[in-house]
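One letter stands for each residue in the lines below.
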Amino acid sequence: MKHLILVTSPPACGKTFVSKELAKALKPIVYLDKDTLIVLSKQIFKVANEEVNRSSQFFEDNIRNYEYDAIFAVGLEALEYCDLVLINAPFAREIRDPEAIAEMRRKLAAVGAELTVIWVQTDIEVCRQRMITRNSDRDTWKLEHWDEYIATQNFNKPDIDGLLIFNNSNEEEFKESIKRITAELKK
């Protein structure tokens, strides 16, 4: 059976690190990262003469959903060539929308694949420190407006059948979770 694995969480929970480590453990696999599309998003901001602000209304209206549609479409296409595809992306709205999850599952079923969602659970202060450490321009606005930004994030696990929780606030949690979830995905 083919599987599309979504590794999701709010920003700076460790999705990328967790995703890459899972991908290494689950080879052969196609690894996709929505952040790869940021270069296109930056160009859209530039052409529109807009400030690069991934929390802005401009981003919401003109970029956000298209990034998710694109990465999911690439994942679907990749399932033609590999039975395991992992997408590293927040999917913050989609994972809390039963109809969006049902639509993903319908699209995947059409190509003989199933959906697995992994939620990376991390303490909020650990996320803030990770943003500071990674020193990325995509986090500038978030850190400068921390209270406003954090109020927009939902750190509660989504209600999805078969959801796998990957605890990632410290090294001990990470080691336990990588072992447990890798074993689950290899079944």
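Bear in mind the structure is a predicted one, so any value in this text is a computation, not a measurement.

Enquirer: What is the right way to read the nonpolar core from this model?
Expert: Soluble globular proteins tend to pack their nonpolar side chains together in the buried interior. If you look at the biggest cluster of nonpolar residues, it comprises 25 residues, and the most contacted ones within it are Ile-5, Val-7, Leu-22, Ile-118 and Phe-166. Listing elements by their share of this core, those giving two or more residues are strand 1 (2–8), helix 1 (15–25), strand 3 (84–88), strand 4 (113–121), helix 6 (124–134), helix 8 (146–150), strand 5 (164–167) and helix 9 (171–185). In terms of residue count, helix 9 provides more of this core than any other element does, four residues in total. In contact with Ile-118, not counting residues within four places along its chain, are Ile-5, Leu-6, Val-7, Thr-8, Leu-22, Leu-164, Phe-166, Ile-181 and Leu-185. If you look at the next biggest cluster of nonpolar residues, it comprises 24 residues, including Leu-79, Leu-108, Ala-113 and Val-117.

Enquirer: Any chance you could explain the environment of Arg-130 here in plain terms?
Expert: Mapped onto the elements of the fold, Arg-130 is located in helix 6. A relative accessible area of 26% places Arg-130 in the partly exposed class. Of the polar contacts made by the side chain of Arg-130, one reaches the backbone oxygen of Asn-168; its length is 2.8 Å.

Enquirer: What is the right way to look at the side chain of Asp-33 in this model?
Expert: Within the fold, Asp-33 resides in strand 2 (residues 30–33). For the buried Asp-33, no salt bridge exists, and the shortest N-O distance to an oppositely charged side chain is 5.7 Å, to Lys-20. Polar contacts involving the side chain of Asp-33 include one to the side chain of Tyr-31, which spans 3.3 Å. Setting aside anything within four residues of it in sequence, one finds Asp-33 in contact with Thr-16, Ile-71 and Asn-88.

The rules we used
Residues numbered from 1 in each chain as written. Predicted model: local features only at pLDDT ≥ 70, side-chain atom pairs only at ≥ 80, totals over all residues. Heavy atoms only, no water. Core = buried A, V, L, I, M, F, W, Y, C linked by side-chain atoms within 4.5 Å. Buried < 20%, exposed > 50% of the residue type's maximum accessible area, 1.4 Å probe, protein only. Helix = DSSP H or I, 4+ residues; strand = E, 2+ residues; numbered from the N terminus. Contact = heavy atoms within 4.5 Å. Polar contact = N/O pair within 3.5 Å; in protein donor to acceptor, adjacent residues only side chain to side chain. Lys, Arg positive; Asp, Glu negative; His and termini not counted. Salt bridge = Lys/Arg side-chain N within 4 Å of Asp/Glu carboxyl O.

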